[in-house]
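In case you want the letters, here they are:
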Amino acid sequence: MPPETRTKHRLQRHPTRRMLGGVCAGVADYTGASCLSIRILALVLFILPTGGLLLYLALWLVLPVGTQSAPDLHPPILSRLRQGFGSGGG
């Protein structure tokens, strides 16, 4: 029997599509949901007294950073700010 060539789909933080820690993007990849919907859900959980912020922080600490080489579709906020200030400001 040949060895299995498929890679296992694991829950991990996304290395490039992140705004804070990559947790929401990683959960979106794992579940197949849109990243925006996971981020909205996380925001709602942060606001409600459900422990959403603690869950996010725990996942941020526990989940490994993935090694996916996906294109950077959503650059982090700081990158966007640097691009905005660095282009033609004067």
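Up top is the structure these notes are about.
Residues numbered from 1 in each chain as written. Predicted model: local features only at pLDDT ≥ 70, side-chain atom pairs only at ≥ 80, totals over all residues. Heavy atoms only, no water.

Visitor: Quick rundown of the environment of Y30? Include the residues and the values.
Guide: Here Y30 shows up in helix α1 (residues 23–31). A sequence separation of 17 residues divides Y30 from R13, and the C-alpha atoms of the two residues are 9.8 Å apart. With sequence-adjacent residues up to four places away left out, Y30 is seen in contact with H9, R10 and L11. (Helix = DSSP H or I, 4+ residues; strand = E, 2+ residues; numbered from the N terminus. Contact = heavy atoms within 4.5 Å.)

Visitor: Now, about the nonpolar core: what can you tell me, with residues and values included?
Guide: Listed in full, the 9 residues of the largest apolar core are V23, C24, A25, V27, A28, C35, I38, A42 and Y56. Sorting the residues of this core by element identifies α1 and α2 (35–47) as the ones contributing at least two each. Sort the elements by how many residues they give to this core and α1 lands first, with 5 residues. Apart from the residues lying within four places of it in its own chain, the contact partners of Y56 are L20, G21, G22, V23, C24 and F46. (Core = buried A, V, L, I, M, F, W, Y, C linked by side-chain atoms within 4.5 Å. Buried < 20%, exposed > 50% of the residue type's maximum accessible area, 1.4 Å probe, protein only.)

Visitor: Could you give an account of the pattern of salt bridges, with specific residues and numbers?
Guide: With the rule as written, the count across this model stands at 1 salt bridge. For D29, the salt bridge identified is with R17, shortest N-O distance 3.2 Å. Separated by 12 residues along the polypeptide, D29 in helix α1 and R17 in the segment before α1 bring together distant segments of the chain. Look at D29 and you get partly exposed, because its relative accessible area is 25%. (Salt bridge = Lys/Arg side-chain N within 4 Å of Asp/Glu carboxyl O.)

Visitor: Hey, could you go over the packing of aromatic side chains for me, with residue numbers and the actual values?
Guide: With the rule as written, the count across this model stands at 2 aromatic pairs. Judged by centre distance (5.6 Å) and plane angle (85°), the ring pair of F46 and Y56 falls under edge-to-face. Taken together, the residues F46 in helix α2 and Y56 in helix α3 (residues 52–62) connect sequence positions 10 residues apart. Between Y56 and W60 the ring centres are 6.0 Å apart and the planes differ by 70°, which places this aromatic pair in the edge-to-face class. Of this pair, Y56 and W60 are both found in helix α3, 4 residues apart, which corresponds to roughly one turn of the helix. With relative accessibility at 9%, the residue Y56 sits in the buried group. By relative accessible area, W60 is classed as partly exposed at 33%. Members of the aromatic cluster, each reached through a chain of ring pairs, are F46, Y56 and W60. (Phe/Tyr/Trp six-rings, centres within 6.5 Å; stacked < 30°, edge-to-face > 60°.)

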